[in-house]
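Geometric and topological summary
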Amino acid sequence: MEELIREMRQKIEAAAASVTDSKEMYQIRKQYLDNKSGKISALMKNMRDLPPEKRPAFGKVVNELKTWALDFFTSQDSRLKAAELAAKNASETIDVTMPASAFRKGALHPNTLIANELIDIFAGMGFTIFEGPEIENDYYNFTALNTPKDHPARDMQDTFYVSPELLLRTQTSAGQIRVMENAKPPIKILSPGKVFRSDDDATHSPMFSQMEGLVVDKGITLCDLQGMLDVFARNVFGEGVKTRLRPSYFPFTEPSVEVDVSCFECGGCGCRLCKDTGWIEVLGAGMVNKKVLENCGIDSDEYTGFAFGMGIERIAMLKYGVPNIKMLFESDVRILSQFNE
């Protein structure tokens, strides 16, 4: 029996010598000291095979082995846990003398920069912001804007239809109708947001951002429109930039105009940006069509108004010299980081 006890102690010491993890040591401890399946507890089962006079001595030897094993495993567990804590502390040590990690500064997207700038400009002229829904019904997007179902102007825009009556809005002008239906003049709103058209090339995208404005009041004329656009052009493209109006056609304005600004790159002398014309087209505008006012319940004999709309991506491309609109949608940090202001 003494030889069996000695061999068990040697096995415990040998098994513990190669262990470097406290969890593994716990498994060995359980292997020997578990009350039900432990090897030391199993020795007590041999007591029934001994004569009665030898049982007390046998029990004493087994209990001494158990006490020794408890102390041994406790000391080994403390040693391993201390080593693990030291290793953890060493791995988490911070060298306060090392240079700090460099983090690249983020930048706002060019669209956001332009949108914020335009909102600031027009807010300074008394405009308030209205954002309509991106999924619009046919009435607000077309019919109320003097574009009935049989109107040829519908062919000017390739529309994404969700259902026969619902569509992805092709212009934020739909929000202007909602405002005129629910507010009495004077009205002065700016309506920014995303719009959708089936168009895709270097200067067009199926989804783009638009910002449209509307002013309705007594005595509003085309001169008021040009005066406001002069302020817009000087603030966005720089002092000295002029605007001009060219006749055009939009079903919701009459008269309608295309708005050009004098080339801010060459000063109007002619360059690649303005295609040697000295002028750059930036937006469309016009006096609100009387039918549109009447569709919204506004007396067209008493009130007049003007409306204008521009693509935010187009303004960004002109101001920042972006050659392809897709560069504004690719999220390339190397490109976007250049526009931080």
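**Some words on the environment of Glu3**
- Tracing the sequence through the fold places Glu3 in helix 1 (residues 2–17).
- For the pair Glu3 and Lys291, spaced 288 residues apart in the sequence, the C-alpha separation amounts to 112 Å.

**Re the layout of surface pockets**
- Here the second largest pocket is characterised by a volume of approximately 240 Å³.
- Lining the second largest pocket are 18 residues, with Pro192, Gly193, Lys194, Ser209 and Ile312 positioned closest to its centre.
- Taken together, the residues of the lining of the second largest pocket break down into 6 nonpolar, 7 polar and 5 charged.

**Some words on the sheet that holds strand 4 (residues 187–196)**
- Strands sit in the order 1-4-5-9-8-7-6 across an open sheet of 7 strands; the sheet is mixed. For this open sheet the edge positions go to strand 1 (128–129) and strand 6 (243–250), each flanked by a neighbour on one side alone.
- The pairing of strand 8 (residues 279–288) with strand 9 (residues 304–311) spans 4 bridges and is antiparallel. Following the sheet pairing, Gly284 is matched in strand 9 by Gly309.
- Against the sheet, helix 7 (residues 173–182) makes contact with strand 4, strand 5 (207–217) and strand 9, and its axis sits at roughly 35° relative to strand 5, the strand it touches most.
- Together, strand 6, strand 7 (253–262), strand 8 and strand 9 form the strand contacts of helix 8 (residues 222–237), whose direction differs from that of strand 6 by roughly 120°.

**What about the nonpolar core?**
- Membership of the largest hydrophobic core comes to 44 residues, with the highest contact counts inside it found for Phe122, Phe232, Phe237, Val282, Leu283, Phe308 and Met310.
- Elements with a contribution of two residues or more to this core: helix 5 (110–123), strand 5, helix 8, strand 7, strand 8, strand 9 and helix 10 (312–320).
- Broken down by element, the residue count for this core peaks at 7 residues, all from helix 8.
- Each residue touching Phe308, except ones within four places of it in the same chain, is listed here: Phe122, Phe127, Leu190, Met211, Glu212, Gly213, Leu214, Met228, Leu283, Gly284 and Ala285.

Rules used throughout
- Residues numbered from 1 in each chain as written.
- Predicted model: local features only at pLDDT ≥ 70, side-chain atom pairs only at ≥ 80, totals over all residues.
- Heavy atoms only, no water.
- Helix = DSSP H or I, 4+ residues; strand = E, 2+ residues; numbered from the N terminus.
- 1 Å grid on protein atoms, 1.4 Å probe; cavity = no way out; pocket = protein on both sides within 12 Å on 5 of 7 lines; lining within 4 Å.
- Points joined across faces, edges and corners; volume = space filled by probe spheres on them.
- Nonpolar A, V, L, I, M, F, W, Y, C, P; charged D, E, K, R; others polar.
- Pairing = 2+ DSSP bridges.
- Contact = heavy atoms within 4.5 Å.
- Axes fitted to C-alpha atoms, helices over the stretch in contact; angles between N-to-C directions.
- Core = buried A, V, L, I, M, F, W, Y, C linked by side-chain atoms within 4.5 Å.
- Buried < 20%, exposed > 50% of the residue type's maximum accessible area, 1.4 Å probe, protein only.

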